[in-house]
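Here are the chains, one letter per residue:
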Amino acid sequence: MPTPDVRSAPDQEIVALAREGAEYAYRELIRRYERPVFSLIYRMVRDRETAEDLAQETFIKVLNAIASYRPEFKFSSWVFKIANNTAIDHLRRRELDTLSLDGSPHATTSEGVEATTLQVSGDEESPLEAVEALELGTEIEAAINQLRPEYRSCILLRHVEGRAYEEIAEMLELPLGTVKTYIHRARNELRLTLQHLRE
Amino acid sequence: MTAPLPHLSWDDLDDLLMGTERQSVHVHFETCAACRKLASLDLEVVVQLQRLPALAPRPGFADRVMAGLATGAVPIRSTTPLHTSAWLKAAAVMLTLGGIGASVSWSLANQSLLQSWRVAALERLAGLAQTGLAAVAMLPEAAMVTALRDSLGGVGMGLAVTGVATAYLAGVLLVQRLVALPRRPVPDAV
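Since the model is a prediction, treat every value here as computed from it, not as a measurement. (Residues numbered from 1 in each chain as written. Chains lettered and ligands numbered in written order. Predicted model: local features only at pLDDT ≥ 70, side-chain atom pairs only at ≥ 80, totals over all residues.)

### Examining the overall build of chain B
Just so we agree on the cut-off: Working definition: helices are DSSP H or I runs of at least four residues, strands are E runs of at least two. Numbering for both runs from the N terminus.
Within chain B, the secondary structure is distributed over seven helices and zero strands. Element order for chain B, N to C, with α for helix and β for strand: α-α-α-α-α-α-α.

Here's what the structure looks like:
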């Protein structure tokens, strides 16, 4: 029997079919969200292989928990919430130092601060950072890499995924004011980094 | 949170992006180059963010997800639509109940026949048991067993018994492992 065409069906309808265990519904949900989820995670963790593993983990969590999803909330918000949590958990486990113009927040000595202070001229980038910047291809991508994880996820959800402030606050379980603060600070840092790179 | 410059607030910049800014902001831009530049750079940042491409995982991503998916509470079915599967289940249940009903009805209608079969079966079983017991009683006197006992001796018999017991226990453990249900970890959702 042919698989029903569900490409134009709303998310809630696909989710209902997925709850019944229909494999084609599972695949349709993956097809709809694989690119935005992967993009968000990739820009958070900055490594393609890791991003694929984490994106896969995200969808497995989503589909395993589909029975407990509450339909009164947007399905996309739920998916992005799980994706963001998965990426943040990975970053915490890896204890990556987010490069900051003022050095790592975890540095405790002056040598540590100097070692983790971002060199924005570009000539002193590490080979890995240079490859990543080239791979992503734009100044803005390199600037995003410098943001703290919480700023990064907020700015990506707001201006790349186009989510409203209220939706982001719900997804990340943060106060609305905190979300606005994170996004404005992130825009401020991106603006300053771009300005500095062009001077 | 402090505003980037004394003249504009972050709400003003957000309003500019949405096209809902106050008229007074435009009036201010006429005389403040710094704020014009700030607003322009802020807009450029947002435009560049909005133009970032959606990145894609390697081909076959959905297959990898499905392969890694634990069946959990809702087992994944094939693409058979729901209504057809329900009819098949209903038909199987009806068939089973029908078979049971037919068997019970026939038994009630043929009780004397069943009784005669039971008696004949019991007599046959009794005869087999008698024959078997007689064979076991005569076993020690059988030439084959006498020869075997003589050749093995005490130690050999002990080793043979140990080997057989060990093999038996190993077989029991293996069967236990094979029939045990697999335990799946339940992943955390959110």
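### Here we look at the overall build of chain A
Counted only if it meets this: Three exposure classes are used, all based on how many other C-beta atoms lie within 10 Å of a residue's own C-beta (placed from the backbone): buried at 20 or more, exposed at 12 or fewer, and partly exposed between those limits.
When you go through chain A residue by residue, the secondary structure sums to ten helices and zero strands. Its helices and strands taken in sequence order, chain A reads α-α-α-α-α-α-α-α-α-α from the N to the C terminus. When each of the 199 residues of chain A is scored for burial, the buried share is 38%.

### Some words on the nonpolar core
This is how it is decided: By definition, a nonpolar core groups buried Ala, Val, Leu, Ile, Met, Phe, Trp, Tyr and Cys residues that are joined through C-beta atoms within 7 Å. Placing a C-beta atom from the backbone of each residue, one calls two residues in contact when those atoms lie within 7 Å.
Of all hydrophobic cores here, the largest spans 53 residues; its most connected members are Ala18, Ile41, Val79 and Cys154 of chain A. Contact partners of Ile41 of chain A, with chain neighbours within four places excluded, come to Ala51, Leu54, Ala55, Ala83 and Ala87 of chain A.

### What about the packing of helix H1 (residues 11–19) of chain A against helix H2 (residues 23–45) of chain A?
Residues and elements named next belong to chain A. This is how it is decided: Lines fitted to the C-alpha atoms define the axes, with helices restricted to the stretch that makes contact. Angles between their N-to-C directions range from 0 to 180 degrees. These descriptions rest on fixed angle ranges, namely under 35 degrees for roughly parallel, over 145 for roughly antiparallel, 65 to 115 for roughly perpendicular, and the rest for oblique. In this scheme, a crossing is called left-handed if the near helix is turned counterclockwise away from the far one by less than a right angle; it is called right-handed if the turn is clockwise. Classification convention: Asp, Glu, Lys, Arg as charged; Ala, Val, Leu, Ile, Met, Phe, Trp, Tyr, Cys, Pro as nonpolar; all other residues, Gly among them, as polar.
At a closest axis distance of 7 Å, the pairing of H1 and H2 adopts a crossing angle of 140°. What the angle tells us is that H1 and H2 run oblique. Crossing handedness for the pair H1 and H2: left-handed. Contacts from Ile14, Leu17 and Ala18 of H1 reach H2 at Ala25, Tyr26, Glu28 and Leu29. Partitioning the contact of H1 with H2 into residue classes produces six nonpolar, no polar and one charged.

### Points about helix H3 (residues 48–64) of chain A
For the α-helix, the turn length of 3.6 residues means that residues three or four positions removed from each other point alike. We count it as follows: A helix's residues, less one, multiplied by 1.5 Å, set its expected span.
Its 17 residues place the ends of H3 of chain A 24 Å apart at the C-alpha level, agreeing with the 24 Å of an ideal helix rising 1.5 Å per residue. Turning to H3 of chain A, its buried residues number three or more, namely Ala51, Leu54, Ala55, Gln56, Glu57, Thr58, Phe59, Ile60, Val62, Leu63 and Asn64 of chain A. The elements touched by buried residues of H3 of chain A are H1, H2 and helix H4 (75–94) of chain A together with helix H4 (61–68) of chain B.

### Concerning unusual backbone geometry
Residues and elements named next belong to chain A. Of note, Arg46 is a non-glycine position whose phi angle comes to about 65°, a positive value. Among the secondary structure elements, Arg46 is positioned in the loop between H2 and H3. With a phi close to 55°, Glu173 is a non-glycine residue in the positive phi region.

### Overview of the environment of Leu63 of chain A
Residue placement: Leu63 of chain A occurs in helix H3. Exposure remark for Leu63 of chain A: the 24 C-beta atoms within 10 Å place this residue in the buried category. A C-alpha to C-alpha distance of 9.7 Å links Leu63 of chain A and Gly21 of chain A, two positions 42 residues apart in sequence. Setting aside chain neighbours within four positions, we find Leu63 of chain A in contact with Ala18 and Tyr26 of chain A together with Leu69 of chain B.

### Quick look at the packing of helix H8 (residues 149–160) of chain A against helix H3 (residues 33–50) of chain B
Interaxial distance between H8 of chain A and H3 of chain B falls to 8 Å at its minimum, and their mutual angle equals 80°. By the angle between their axes, H8 of chain A is roughly perpendicular relative to H3 of chain B. Contacts between H8 of chain A and H3 of chain B involve Ile155, His159 and Val160 of chain A on the former and, on the latter, Val46, Leu49 and Gln50 of chain B. For the contact of H8 of chain A with H3 of chain B, a count of residues per class yields four nonpolar, two polar and no charged.

### A word on the confidence of the model for chain B
Detailed conclusions should not be drawn from predicted coordinates in areas where pLDDT is low. All names here are of chain B. Filter applied, for reference: Per residue, pLDDT captures the predictor's confidence, and it can take any value from 0 to 100.
Confidence in the prediction of chain B, expressed as mean pLDDT, is 77, and 75% of residues score 70 or more. Considering each helix and strand of chain B separately, the mean pLDDT is smallest for helix H7 (residues 143–179), with a value of 77, and largest for H4, with 92. Confidence drops under pLDDT 50 across residues 72–83; counting only partners more than four residues distant or on other chains, this segment forms 23 contacts. Confidence over residues 184–190 falls short of pLDDT 50; this stretch has 13 contacts with residues more than four positions distant or in other chains.

### Structural notes on the environment of Trp78 of chain A
All names here are of chain A. Counting through the fold element by element, Trp78 comes out in helix H4. The exposure class of Trp78 is buried, given the 21 C-beta atoms found within 10 Å. With 93 residues separating them in the primary sequence, Trp78 and Met171 have C-alpha atoms 6.8 Å apart. With near-sequence residues (within four places) excluded, Trp78 lies in contact with Tyr69 and Phe73.

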